[in-house]
Amino acid sequence: MSNQVTSLASGHEGTLRDQFSQYIQRLKGGEMGSLPAIGATIVLAVIFGFSSPFFFTKLNFTNMFVQAAELTMLSSALVFVILLAEIDLSAGVTAGVSMAVFIVLIKSFAWAWVPALLAAFLTGLLIGWVIGFIVAKVGVPSFVVTLAFFLGFQGMQLVLLGEGGVYRIEVPEILAIMNNNLSAWGGWLMIAVCAVVMLALGYWDRGRRARSGLVNRPIAILYIKVAALLLIGGFAVWFMNLDRSQGVIPIMGVPIVVPFTIAILFIGSFVLDRTKFGRHLYAVGGNPEAARRAGIKVARIRIYAFMICAFLAVISGVFHSSRIGNVDGSAGHTIVLSGVAAAVVGGVSLFGGRGKLAHAAIGALVITMIDNGLGLLQMSAGVNFLVEGGVLLFAATLDALARKRSGGPLAR
Amino acid sequence: MSQLPAIELTGVVKSFGPVDVLKGIDFQVYPGRVTALVGDNGAGKSTLIKGLSGVQPYDNGVVKFFGETVDIHNPRQASALGIEVVYQDLALCENLDIVQNMFLGHEELLTGTLHESEMELQATKALQSLSVRTVKSVRQKVSSLSGGQRQTVAIARSVLREAKVVILDEPTAALGVAQTEQVLNLVRRLADSGVAVIMISHNLSDVFKVCDDIAVLYLGRMVAQLKTSETTNTEVISYITGLHSQDTSAITVEGA
């Protein structure tokens, strides 16, 4: 390294080739992110594509996105607490209870759906606050607190809905999320907006760096990313815009839940990557003592994380109710473990401090593909659970090994 | 020395229940100089430092900061004055990069979002002011840094905060020979930039290599404040072990 003033690099230097070799270096260093999960989606697509003629049909392709949306939301919710090396086993039932509040307010108290939905979200936030308070202020391990809520809220659901109570949802706006589709141009507009936002953020960052007199990465990298988005997204939109109906009435277009999910993932990622709160969340997850000494209010960050988790879990609950068209007393009992599995499979570290929402989304896609593919092959539910369990164990092992490799202690 | 001390303690007392840990300490630290704080385990080094950093305030005594009497009751006040402590365990987040660690808790914002480029620029400047060349990239994760590099980042963080007094708690304790050398050079440059540095150390060869003044604590008393140029290894050891003070049966304060 030379003696000139700018002798310290920032990782932004060099040509496209240098950047690529830096990326390879990071991979070798154990920072694989969601790459194993992306690999898994490709492998799974090939396996299921060959073994089932239905897997790549237009209907199934679109269905998978709809199925994955619910899980994506829940695993994204869990990312906020897993980043703190905590866990929320009650995320699913929190959603169940909040949706029970929603439907009871509509059916028994004749509330309009908008205030009822607001009440459901407030219920979620309140539950998140209580869990966060007990974990952060009282000091009970989150595993135990949320296990207690997991059991307790199953009872709460039964109390609110009555034994065996099933309530149909008759709110068209809620049902539309999972069951209706955008028009063809709506889908194209969605992809265009994504590309514009990506470009704008890229230029915004480059502008800031340039004004500070810092080196920027080759602009080609930004263009390649946007081009990849347009290519993959464009193909998906085109495919979903084809008529996938097996009957007389045509079904076409991107399901409404897709832009919803993308928007929520974008906002969540923005908060994690670009705000002080996000930075502090990663810091607390990495080393709570260091965060405390840096003046970060650790307890407050923990409580907020559990509140965000509960809030996003309620959105997942809304998606679920929208898909099946009703609210029942058993909603959200099993999804939470798939949510944890999705986050870990996607590359979110259970040791805290490492992971992104995009990882959770890719992990959710893997879990959904396994679920969907094995279903199409008419495997029994037993096989399904066995495979999912195996994948989770494999992913968690990768996580532990990667952590070992990057030099961190195995457990804190 | 005609210069105003950065820190001047007079008659500082601290006890935990019946145990008197600090029994009337007088202590001066000067800007631009490295002052070693040595003493055997239990001599009261940590307690003295915790009082200065606001973690455990003193029971009694006067603390002057550049001639003005100040009260330090919590870490925030110490930090506001410009007193920064680099703890032995460094307090870095391994999952964050160098820039993120250096600005942790003091992030620069622009329109409500993190001003990454400004932080990167300032962090780079702080590292350059210490002539740091050992780190590859300021965007490296701390988990990929060696012990010496981590120490460097922790010290550079205090430069970034424009600290006037930097307290280093055994900065070379866990380091190999080459890295110790690097960190000691760094400590020297930090003092040369006008900062008053207090360095706790058990390693006298490090102390003689880099420190201008040596303050020796023995069982809660400041038994000596010596100039490095006017003392010897043997003399310092005799103060640390208490032999010297038993000979004279009185507390001697030299130098300063």
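Reading the values: rules and limits
- Residues numbered from 1 in each chain as written.
- Chains lettered and ligands numbered in written order.
- Predicted model: local features only at pLDDT ≥ 70, side-chain atom pairs only at ≥ 80, totals over all residues.
- Helix = DSSP H or I, 4+ residues; strand = E, 2+ residues; numbered from the N terminus.
- Rg over C-alpha atoms; globule rule 2.2 N^0.38 Å.
- Buried ≥ 20, exposed ≤ 12 C-beta atoms within 10 Å, placed from the backbone.
- Contact = placed C-beta atoms within 7 Å.
- Nonpolar A, V, L, I, M, F, W, Y, C, P; charged D, E, K, R; others polar.
- Domains from an automatic or database assignment.
- Core = buried A, V, L, I, M, F, W, Y, C linked by C-beta atoms within 7 Å.
- pLDDT = per-residue confidence, 0-100.
- Pairing = 2+ DSSP bridges.

Trainee: What am I meant to see in the overall build of chain A here?
Mentor: Looking only at helices and strands, chain A has 16 helices and 2 strands in total. Taking 2.2 N^0.38 as the reference for a compact globule, 412 residues should give roughly 22 Å; the C-alpha atoms of chain A span a radius of gyration of 22 Å, in line with that estimate. When its C-alpha atoms are laid out on the principal axes, chain A stretches across 75 × 55 × 40 Å. Expressed as a percentage of its 412 residues, the buried residues of chain A come to 41%.

Trainee: Just checking my understanding: could you explain the interface of chain B and chain A for this structure?
Mentor: Frequently, the measure chosen for interface size is the accessible area removed from exposure when the parts meet. Counting residues at the interface gives 28 residues for chain B and 34 residues for chain A. Of all the elements in the fold, those that place two or more residues in the side of chain B that touches chain A are strand 8 (113-114) and helix 4 (116-129) of chain B. If one sorts the elements of the side of chain B that touches chain A by residue count, helix 4 of chain B sits on top with 7 residues. For the side of chain B that touches chain A, the residue count by class is 11 nonpolar, 10 polar and 7 charged.

Trainee: I keep staring at the domain arrangement of chain B and nothing clicks. Help me out?
Mentor: Residue and element names in this part refer to chain B. Per the domain assignment, the segments making up chain B are domain 1 (1-82 + 164-256) and domain 2 (93-162). The straight-line distance from the C-alpha centre of domain 1 to that of domain 2 is 27 Å. In this assembly, 12 residues from domain 1 lie in contact with 13 residues from domain 2. In terms of residues, the side of domain 1 that touches domain 2 owes the most to one element, helix 6 (residues 177-192), which gives 6 residues.

Trainee: Would you mind going over the nonpolar core with me for this structure?
Mentor: Soluble, globular proteins show a tendency: their nonpolar side chains are buried together. Membership of the largest hydrophobic core comes to 187 residues, with the highest contact counts inside it found for Leu78 and Cys309 of chain A together with Ala123, Val187, Val197, Met199 and Val216 of chain B. Once you skip the residues sitting within four places of it in the chain, valine 216 of chain B turns out to touch Val38, Gly39, Val223, Ala224, Val236, Tyr239 and Ile240 of chain B.

Trainee: Even after reading the chapter, I still don't get the confidence of the model for chain B, so can you show me in this structure?
Mentor: Low pLDDT means the predicted coordinates in that region are not meant to be read closely. All names here are of chain B. Residues of chain B with pLDDT of at least 70 account for 95%, and the chain-wide mean is 88. Element-level pLDDT for chain B is lowest in helix 9 (residues 243-248), with a mean of 59, against a maximum mean of 95 in helix 3 (residues 98-102). At the level of chain-chain contacts, confidence expressed as ipTM amounts to 0.88, with global pTM at 0.89.

Trainee: Before we go on, may I ask you to explain the sheet that holds strand 4 (residues 60-65) of chain B in this structure?
Mentor: Where strands meet in a sheet, backbone hydrogen bonds hold them as pairs that are either parallel or antiparallel. Residue and element names in this part refer to chain B. Pairing in this open sheet of 4 strands is antiparallel, and the strands run 2-1-4-5 from one edge to the other. Each having just a single partner strand, strand 2 (19-29) and strand 5 (68-69) make up the two edges of the open sheet. Strand direction decides the pairing type here: strand 4 and strand 5, joined by 2 bridges, are antiparallel. Each bridged residue has a counterpart across the sheet, and for lysine 64 the counterpart in strand 5 is threonine 69.

Trainee: Would you mind going over the pairing of strand 4 of chain B with me for this structure?
Mentor: Regular strands place side chains that alternate from one sheet face to the opposite one. All names here are of chain B. Bridge analysis of strand 1 (residues 7-16) against strand 4 gives 5 bridges, and the strand direction is antiparallel. Counterpart to valine 13 in the pairing with strand 4 is asparagine 60. What sits between the antiparallel neighbours strand 4 and strand 5 is a turn of 2 residues, in which phenylalanine 66 has the positive phi angle 50°.

Trainee: Sorry if this is basic, but what is going on with the pairing of strand 1 of chain B here?
Mentor: Residue and element names in this part refer to chain B. With 8 bridges connecting them, strand 1 and strand 2 associate as antiparallel partners. Directly across from serine 15, in strand 2, lies its bridge partner aspartate 20. Count of turn residues in the strand 1/strand 2 antiparallel hairpin: 2 residues, of which glycine 17 carries a positive phi of about 60°.

Trainee: Help me understand helix 11 (residues 276-286) of chain A in this model?
Mentor: Side chains of residues three or four places apart in an α-helix project in the same direction, reflecting 3.6 residues per turn. Within helix 11 of chain A, 8 of the 11 residues are buried, which leaves it mostly tucked inside the rest of the structure. Among the residues of helix 11 of chain A, those classed as buried are Arg279, His280, Leu281, Tyr282, Ala283, Val284, Gly285 and Gly286 of chain A.

Trainee: Explanation requested: unusual backbone geometry in the structure shown.
Mentor: Keep in mind that most residues, glycine aside, have a negative phi and that most peptide bonds are trans. Although it is not a glycine, alanine 85 of chain A adopts a positive phi angle of roughly 60°. Topologically, alanine 85 of chain A is positioned in the loop between helix 3 (58-82) and helix 4 (91-107). Of note, serine 131 of chain B is a non-glycine position whose phi angle comes to about 55°, a positive value. As for its position among the elements, serine 131 of chain B is in the loop between helix 4 and helix 5 (147-160).

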